[in-house]
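Coordinate inspection notes
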Amino acid sequence: MRLAVNIDHFATLREARKSAEPEPVLAALIAEQAGAEGIVCHLRRDRRHIKERDLLLLREAVKTKLNLEMAATAEMQKIALKVKPDVVSLVPERPEELTTEGGLNVAADRVHLGPFVRRLQKAGIRVSIFIDPDIGQIRTAGELGVDLIEINTGKYADLKPGIARDEALAQVMEAAEFGLGLGLEVHAGHGLNYHNVLPIVAIPQISELSIGFSIVARAAIGGLDNAVREMRALLEKR
Ligand code: PXP
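Because the structure is a prediction, the values reported are computed rather than measured.

1. Overview of the overall build of the chain
For the chain, the helix and strand inventory stands at 11 helices and 8 strands. The C-alpha atoms of the chain give 18 Å as radius of gyration, which agrees with the globular expectation for 238 residues (18 Å, within 12%). Seen along its three principal axes, the alpha-carbon backbone of the chain occupies a region of about 70 × 45 × 30 Å. The long-range share in the chain, meaning contacts at least 24 apart out of those at least 6 apart in sequence, stands at 66%. When the accessible surface of the chain is summed, it comes to about 12500 Å², and 57% of that surface belongs to carbon and sulfur atoms. If you average the places of the 31 positive and of the 33 negative side-chain charges in the chain, the two averages end up 5 Å apart.

Set out below in structure tokens:
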């Protein structure tokens, strides 16, 4: 199981102060050094966290695999064709959402998505679609000729352990089996954390997880002790 680390929220923290730090590119390099097999960032239309400058630098710096999450718009396609990430993950995007809220409705948007996907693939970019664990949607994604799918684990992740969560997990398992059966590479992500990731890790058809928020949150708390000690040491210099 490969781990792709989403670094968006290092940029969220930077933008909270419109500052130069924390530097998301540095976060990407540290994540790679610690064993991440891929780096993910989402360039949103409103540029609320990742900017084009970040994307260009990440393209230069990332040694593993750069996955650009984006909406299927003409603006984003142009940027992707210029920057050439290794993978483009197509996601739905609503301006007022806090985070991506669900998978892309490929069935409703197939006329637009078909040529959109092919144009990216012609440029050598592998295309992924973020998709709910819904067999019909996954079948349509397969018909569109995408290279891989990322199954949305958001519903599973939002539930507490119990019957409803077991059902959501079973949907992810079924979706993974169906996707792999179509010849697609199967990834998963959204809302995964240190408490809920293991049942997803156990699904043999899933080869990669995309995880962001919980890792950034743990890094902030885990790094706090040292950060305070370093500042205290400077205050001792008087
Ligand atoms: N996959 C997709 C398509 C996403 O949009 C996100 C959130 O940016 C993630 C995975 C990672 O989710 P989280 O930050 O909850 O780990």
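2. Focus on the site of the ligand
Around the ligand, the structure places 14 residues, and the nearest of them are T100, E150, G191, G212 and F213. N6 has a polar side-chain atom sitting 3.3 Å from an oxygen atom of the ligand. Separating a nitrogen atom of the ligand from a side-chain N or O atom of E150 is a distance of 2.5 Å. In the shell around the ligand, the residues fall into 4 nonpolar, 7 polar and 3 charged.

3. Here we look at the sheet that holds strand 1 (residues 2–6)
Read around the barrel, 8 strands follow the order 1-2-3-4-5-6-7-8 and close on themselves; strand pairing throughout is parallel. Each neighbouring strand pair of the sheet contributes to a mean axis angle of 25°, computed without reference to strand direction. Here 4 bridges tie strand 3 (residues 66–70) to strand 4 (residues 87–90), and the two strands are oriented parallel to one another. Residue pairing across strands places M70 opposite L90, the latter belonging to strand 4.

Here is what the cut-offs are and how they apply
- Throughout this document, residue positions are counted from 1 along each chain, in the order its sequence is written.
- Restriction of local features to residues with pLDDT of at least 70 applies here, the model being predicted, together with a cutoff of 80 or more for giving and counting side-chain atom pairs; totals for whole chains, interfaces and linings are based on all residues.
- The side-chain numbers reported here are obtained from all heavy atoms of the structure, hydrogens and water having been left aside.
- Working definition: helices are DSSP H or I runs of at least four residues, strands are E runs of at least two. Numbering for both runs from the N terminus.
- The atom set for the radius of gyration is the C-alpha atoms, and the globule formula is 2.2 Å times the number of residues raised to the power 0.38.
- The contact criterion used is simple: two residues touch if any of their non-hydrogen atoms lie within 4.5 Å.
- For the accessible areas, the method is Shrake-Rupley and the probe is 1.4 Å, while residue cover comes only from the protein chains on display.
- Only four residue types enter the charge count, namely Lys and Arg as positive and Asp and Glu as negative; His and the chain termini do not.
- Here the site of a charge means atom NZ of a Lys, CZ of an Arg, CG of an Asp or CD of a Glu.
- Whether a residue is near a molecule or strand is decided by its heavy atoms; if any one of them lies within 4 Å of it, the residue is near.
- Any pair of N or O atoms that falls within 3.5 Å is considered a polar contact. Within protein, one atom must be able to donate a hydrogen and the other to accept it, and sequence-neighbouring residues count only if both atoms are side-chain atoms.
- Gly counts as polar in this scheme, as do all residues outside two lists: the nonpolar Ala, Val, Leu, Ile, Met, Phe, Trp, Tyr, Cys and Pro, and the charged Asp, Glu, Lys and Arg.
- Pairing between two strands is assigned when DSSP locates at least 2 bridges connecting them.
- Every angle, taken between N-to-C directions, lies between 0 and 180 degrees, and every axis is a line fitted to C-alpha atoms, over only the stretch in contact when it is a helix.

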